[in-house]
Amino acid sequence: MNETARSGIRERLGLRPIINVSGTMTALGASIVVPEAVAMTAAILPEFVEINDLHRLASRTIAKLTGAEAGFITASCSAGVTLAIAACMTGPDLARIEQLPNPSGMRHRVPIMLGHMVGYGAPVEQAIRLAGGTVVPFGQATDVRPYQLEAALGEDAACALYVVSHHCVGYGQLPLEDFAAICHRRHVPVVVDAASEYDLKGFLEAGADLVCYSAHKFLGGPTAGIVAGRKDLVRATFLQNMGIGRGMKVGKESILGTIAALEAWERRDHAAVRRTEQEALDLWRERFAAIEGVTATLEPDPTHNPLDRLKLAIDPARARITAWELADRLAAGAPPVIVRDHEVEHGYFFLDPCNLHPGEARVVAERIEAELAEAKSRAGSNHPPASARRERRFARLMAWPD
Ligand SMILES: *Cc1c(COP(=O)(O)O)cnc(C)c1O
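The model shown is predicted, which means the values in this text are computed figures rather than measured ones. (Residues numbered from 1 in each chain as written. Predicted model: local features only at pLDDT ≥ 70, side-chain atom pairs only at ≥ 80, totals over all residues. Heavy atoms only, no water.)

## Re the pairing of strand β6 (residues 190-193)
Now for step 1: Every second residue of β6 is oriented toward a common face, with Val190 and Val192 on one face and Val191 and Asp193 on the other, all of them buried.
Now for step 2: Where strand β5 (residues 160-163) and β6 come together, 4 bridges link them in parallel fashion. The partner of Val163 across the bridge, within β6, is Asp193.
Now for step 3: Chirality of the crossover, the property in question, places the unit of β5, helix α8 (residues 176-185) and β6 among those that are right-handed.
Now for step 4: Summarising the sheet, β6 and strand β7 (residues 210-214) pair through 3 bridges and their orientation is parallel. Bridging from a neighbouring strand, Asp193 pairs with Cys212 of β7. (Buried < 20%, exposed > 50% of the residue type's maximum accessible area, 1.4 Å probe, protein only. Helix = DSSP H or I, 4+ residues; strand = E, 2+ residues; numbered from the N terminus. Pairing = 2+ DSSP bridges. Right-handed = clockwise from strand over helix to strand, strands pointing away.)

## As for the nonpolar core
Now for step 1: Within the largest apolar cluster, 50 residues are counted, with the highest numbers of intra-cluster contacts made by Phe179, Val192 and Phe203.
Now for step 2: Apart from residues lying up to four places away in sequence, Val192 is in contact with Tyr162, Val164, Leu176, Phe203, Ala208, Leu210, Val211 and Cys212.
Now for step 3: Membership of the second largest hydrophobic core comes to 35 residues, among which are Ala79, Val135, Val191 and Ile244. (Core = buried A, V, L, I, M, F, W, Y, C linked by side-chain atoms within 4.5 Å. Contact = heavy atoms within 4.5 Å.)

## Overview of the site of the ligand
Now for step 1: Surveying the vicinity of the ligand reveals the residues Thr26, Ser76, Cys77, Ser78, Tyr120, Ser165, Asp193, Ala195, Ser196, Ser214, His216 and Lys217.
Now for step 2: In the model, an oxygen atom of the ligand is placed 2.7 Å from a nitrogen or oxygen of the Cys77 main chain.
Now for step 3: Ser214 places a polar side-chain atom, nitrogen or oxygen, 2.6 Å from an oxygen atom of the ligand.
Now for step 4: Burial of the ligand by the protein chains amounts to 91% of its free accessible area of 380 Å².
Now for step 5: Taken together, the residues that form the shell around the ligand break down as 3 nonpolar, 7 polar and 2 charged. (Near = heavy atom within 4 Å. Polar contact = N/O pair within 3.5 Å; in protein donor to acceptor, adjacent residues only side chain to side chain. Areas by Shrake-Rupley, 256 points an atom, 1.4 Å probe, with all protein chains shown as cover. Nonpolar A, V, L, I, M, F, W, Y, C, P; charged D, E, K, R; others polar.)

## Quick word on the environment of Ala236
Now for step 1: With respect to the helices and strands, Ala236 occurs in helix α10 (residues 231-239).
Now for step 2: Classification of Ala236 by relative accessible area gives buried; the value is 1%.
Now for step 3: As for Ala236 and Glu47, which are separated by 189 residues in sequence, their C-alpha atoms are 28 Å apart.
Now for step 4: The residues touching Ala236, leaving out its near neighbours within four places in the chain, are Ala87, Gly91 and Pro92.

## Points about the pairing of strand β10 (residues 308-314)
Now for step 1: Of all 7 residues that make up β10, 6 are buried, and the element is covered over most of its length.
Now for step 2: Bridge count for strand β9 (residues 294-300) against β10 is 7 bridges, and the pairing is antiparallel. Among the inter-strand pairings, Thr297 is bridged to a residue of β10, identified as Lys311.
Now for step 3: Across 4 bridges, the pairing between β10 and strand β12 (residues 348-351) is antiparallel. The residue of β12 that forms the bridge with Lys311 is Phe350.

## Examining the side chain of Asn355
Now for step 1: Here Asn355 is to be found in the loop between β12 and α15 (360-377).
Now for step 2: Of the residues examined, Asn355 reaches a relative accessible area of 8% and is grouped as buried.
Now for step 3: Engagement of the side chain of Asn355 in a polar contact is seen with the backbone oxygen of Gly23, the distance being 3.4 Å.
Now for step 4: Residues contacting Asn355, with those up to four places away along its chain left out, are Asn20, Gly23, Thr24, Ala30, Ser31, Ile32 and Glu360.

## A word on the packing of helix α14 (residues 323-332) against α15
Now for step 1: Across the interface, α14 lies against α15 with an axial gap of 10 Å and an inter-helix angle of 125°. Looking at the two axes, α14 sits oblique to α15. Both α14 and α15 take part in a crossing whose hand is right-handed. When α14 is examined against α15, the residues Leu326, Arg329 and Leu330 are found in contact with a partner set consisting of Arg367, Ile368, Glu371, Leu372 and Glu374.
Now for step 2: Tallied by class, residues from the contact of α14 with α15 come to 4 nonpolar, no polar and 4 charged. (Axes fitted to C-alpha atoms, helices over the stretch in contact; angles between N-to-C directions. Parallel < 35°, antiparallel > 145°, perpendicular 65-115°, else oblique. Left-handed = near helix turned anticlockwise from the far one by under 90°.)

## Quick word on the packing of aromatic side chains
Now for step 1: What the rule picks out here adds up to 8 aromatic pairs.
Now for step 2: Where Tyr213 meets Phe218, the ring centres are 6.3 Å apart and the plane angle is 70°; that geometry is what we call edge-to-face.
Now for step 3: Under the relative-accessibility criterion, Phe218 is labelled buried at 9%.
Now for step 4: Taken together, a centroid distance of 5.2 Å and an interplanar angle of 75° make the contact between Phe218 and Trp265 edge-to-face. Residue Phe218 is located in the loop between β7 and β8 (225-229), and its partner Trp265 is located in helix α11 (residues 252-267); the two are separated by 47 residues in the primary sequence. Take Phe218 and Trp265: they sit in the same class, and that class is buried.
Now for step 5: Note that Lys252 overlies the ring of Phe48, its terminal NZ or CZ placed 6.0 Å from the centroid. (Phe/Tyr/Trp six-rings, centres within 6.5 Å; stacked < 30°, edge-to-face > 60°. Lys NZ or Arg CZ within 6 Å of the ring centre and 35° of its normal.)

In structure tokens, the structure reads:
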């Protein structure tokens, strides 16, 4: 929840005033940027500043919050992964930095577990190829052994990539500690993509050499990415600004906005935020308890962020609507409510309480109750399959800008 005053900007621009119970999604504008970051962004925009000094300031702030030796801010976490991998390939050699994405003469192989080769709107392994790296998938999707990592590293890996995400296969993977120990025995650095993870210290403590976070997800910062870790590698990441990093550069407003978001994170009353989220979850659970065909259960975050979501399972025989039809109707109505629906074909979706403005939890409850009441009054039980919804959404994407 956030106390930021509402400006009415969406209504003025003719954009739908959506309520986000989906999570921190790029496609929905990521997160509510905290007031401290909004103020700092506005303050720096009209001013000149020596950018590398601003980057020095950011490095100190990142170091303070993560325990890393240094840190660097780039356009996004995805850009951070690409530049971190480039850094492991080139080191501080500017001739090599200018040569990328042609990797000839450099170590360029980057092992990644098959169960980590996920998409977050783009394929995660494309971040490797963008730097000129060669993706080396290893293991089976649901079962990975240390010898498979050793074979994938070979004699000349540039680094190895480890992804922390609810998208990843949730079992059978190598723990980061083991993964890093094997890589380090061969002097290969480990890059961790922890875009959405609240834990700013644990991955470095577990052996990561560089960790990449999104500034615009849990932190509530402007659109940016954070790379934290070993000073020599962070420096080599920074130097990519003279090469492929130029097209992924971050402006003064996002550097300072991210610093402000990090400092606000350090000061934030996290227990109070959690209590507010719990109030929304309690409200929803209470309101949906008696509705026929709906089962509401609390689910902890799959990657152990301190956050629960409400899982709503819909029995179409009793509710007279499928989970995916309900998700569509919620998104189409007024105000539009966007639920967390990536597993909706199984007959359930989630309500995420992290990105609510005051009063919105109640509106979400009312909208869901109203749609379910209306479904019960409708005749017929001819439900379109979930696949039809996927096709329709894909067609809409491909028709952009129409
Ligand atoms: C969101 C996400 C990204 C992309 O983050 P951006 O900062 O939007 O580029 C990368 N990796 C994972 C695992 C993510 O969840």
